[in-house]
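Working through the structure, step by step
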Amino acid sequence: MKVSVIGTGYVGLVSGTCLAETGNDVVCVDIDADKVKRMQGGEVPIYEPHLDVLFERNIEAGRLTFTTSLAEGLEHGEIIFLALPTPEDEDGSADLKYVLGVADQIGKLMTSYKVIVDKSTVPVGTSEKVYAAISKNARCEFDVVSNPEFLREGFAVDDFLKPERIIIGSASERATDLMKKLYKPFVRSGNPMIVMDEKSAELTKYAANSFLATKITFMNEIANFCEKVGADVDKVRIGMGTDSRIGKRFLFPGIGYGGSCFPKDVKALYKSGKDVDYNFQILDSVIQVNQNQKKALIPKIKAFFSGDLKGKHIGVWGLAFKPETDDIREASSLVVIDELLKLGAEVTAFDPEAMDNVKRKLGDSISFAPRMYGALEEADALVICTEWGVFRNPNFTLMKELMKQPVIFDGRNLYDVAEMASEGFHYESIGRDK
Ligand code: UGA
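Per an unreviewed UniProt entry, the chain carries the name UDP-glucose 6-dehydrogenase and comes from Lentiprolixibacter aurantiacus. Turning to the chain, the UniProt record has this under Sequence similarities (unreviewed entry): "Belongs to the UDP-glucose/GDP-mannose dehydrogenase family." Its UniProt record gives the chain a comment under Catalytic activity (unreviewed entry), which states: "UDP-alpha-D-glucose + 2 NAD(+) + H2O = UDP-alpha-D-glucuronate + 2 NADH + 3 H(+)".

Now for the site of the ligand. Near the ligand lie 20 residues; those nearest to it are E153, F252, Y257, G259 and C261. With 3 residues, helix 9 (residues 198–229) is the largest single contributor of residues to the shell around the ligand. When the residues that make up the shell around the ligand are grouped by side-chain class, the tally is 11 nonpolar, 5 polar and 4 charged. Residue contributions to the shell around the ligand reach at least three from each of two domains, namely domain 1 (2–194) and domain 2 (205–293).

Before going further, it helps to spend a moment on the pairing of strand 7 (residues 166–169). The two faces of the sheet receive side chains in turn, since in a regular strand these alternate between them. Neither face of strand 7 is open: one carries I166 and I168, the other I167 and G169, and all of them are buried. Of the strand pairs in this sheet, strand 7 and strand 8 (residues 193–196) are connected by 4 bridges, and their pairing is parallel. Each bridged residue has a counterpart across the sheet, and for I166 the counterpart in strand 8 is M193. Taking the sense of rotation as the criterion, the β-α-β connection linking strand 7, helix 8 (residues 173–183) and strand 8 turns out right-handed.

Our next topic: the UniProt feature "binding site: NAD(+)" (unreviewed entry) in the chain. As recorded in UniProt, the feature "binding site: NAD(+)" (unreviewed entry) lies at D30, K35, T86, T121, E153, K264 and R329. In three dimensions, the annotated residues from a span of 300 residues occupy distinct locations, with a maximal C-alpha spread of 25.3 Å. Here E153 shows up in the loop between strand 6 (142–146) and helix 7 (156–161). Sequence-distant contacts of E153, that is, excluding residues within four places in its chain, are made with G259, T325 and D327. Along the chain, R329 turns up in the loop between strand 9 (313–317) and helix 14 (332–342). Aside from chain neighbours lying at most four places away, what touches R329 is G258, G259, S260 and F321.

Reading the values: rules and limits
- Residues numbered from 1 in each chain as written.
- Predicted model: local features only at pLDDT ≥ 70, side-chain atom pairs only at ≥ 80, totals over all residues.
- UniProt positions renumbered as here; feature names shortened; annotations may be inferred.
- Near = placed C-beta within 6 Å.
- Helix = DSSP H or I, 4+ residues; strand = E, 2+ residues; numbered from the N terminus.
- Nonpolar A, V, L, I, M, F, W, Y, C, P; charged D, E, K, R; others polar.
- Domains from an automatic or database assignment.
- Buried ≥ 20, exposed ≤ 12 C-beta atoms within 10 Å, placed from the backbone.
- Pairing = 2+ DSSP bridges.
- Right-handed = clockwise from strand over helix to strand, strands pointing away.
- Contact = placed C-beta atoms within 7 Å.

Structure representation (structure tokens):
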């Protein structure tokens, strides 16, 4: 099939590449000429496991091409994916200027039937707005479909190729049939393609992300309570998670959720509620609790150093908002580092992928270690902010040799409390310390 993808950010690039992988002819459009040139030369502009292999293969096969011309993209595809940014507005709502701007152009440029697919996470009612924006100038038939994506960074290729479900929000049989044909190769396993109205599809995405953020936040509150009463959140988590109605996943407590999706989507759904005079109390709490949770290690660190961190050397392991990405948007590490600097500490950080991004953001207010153990030299304490695999089984003997004193504040509960005591560490984590 002939497909075009407008916007080559994270979602657009993964979608375009994976759609090419199943034999479709895909043209990706982006206004950033420099980026388009780099992609044409085979350079993948984001870090995402396995994407590079698929990217190269499909470019070589001629199934994946790039252009800055929206007209060219529109001419090519029968199905046109909109994968455009929906940044957070000052009031927390999603800003639709890019989506509606492109919709306006599409109306002017379109010369034959197209299915326009909203792939970005957009508020309820956006497909109506897109429809209206295109209609203004349209001289031919078209349909607008909502098809939210459920990709996780770090697993995006796998999630796209083997989705648990495909949501198709469509009022047109013609458009639904084309979407089903396009996605058929991805659900050979029998996973469902669920067809519903556009508004329900749009809300499904927000509801799913907000529910997951709430699940994590609930567990973070249980963890905080565990500390007050001397319970162990790991045991509670396992005890709860074995109830299949609850499930084991997304119950891991820590120093809060981050990333480009959960924080933005929870706020946007809360704001959408306000717009129709509905107060999402639960989401309001989730937002507040998560903000505080990012600082959950700070009182512990302050208590250990009797409130005085001036001139203390703190090593930080993990800067990305989660492992397997270089993304630092809304990362808990940034809040932790900010607090440490405010307290007068000197910070040396290490992350396998995200150091360049943090360097760009924080300049030389902190130091960076090229290797993980480098962040521990003469350190008064180590603070762990991201659960990268390389931190899970470190050389504790070497760590003790390098550090001024064996002290770890672990925001992601990587190690066994009893084991750390027997290794001779002062070790504090989340929800497991009395
Ligand atoms: C999330 C959703 O999981 C995807 O389904 C969705 O498609 C995506 O948002 C999106 O809207 O595009 P992502 O932001 O890549 O994906 O990351 P997650 O793996 O969901 O992690 C989000 C945050 O929650 C991370 O900061 C992570 O550390 C935290 N988390 C996750 C926990 O604190 N505890 C857990 O048990 C799980």
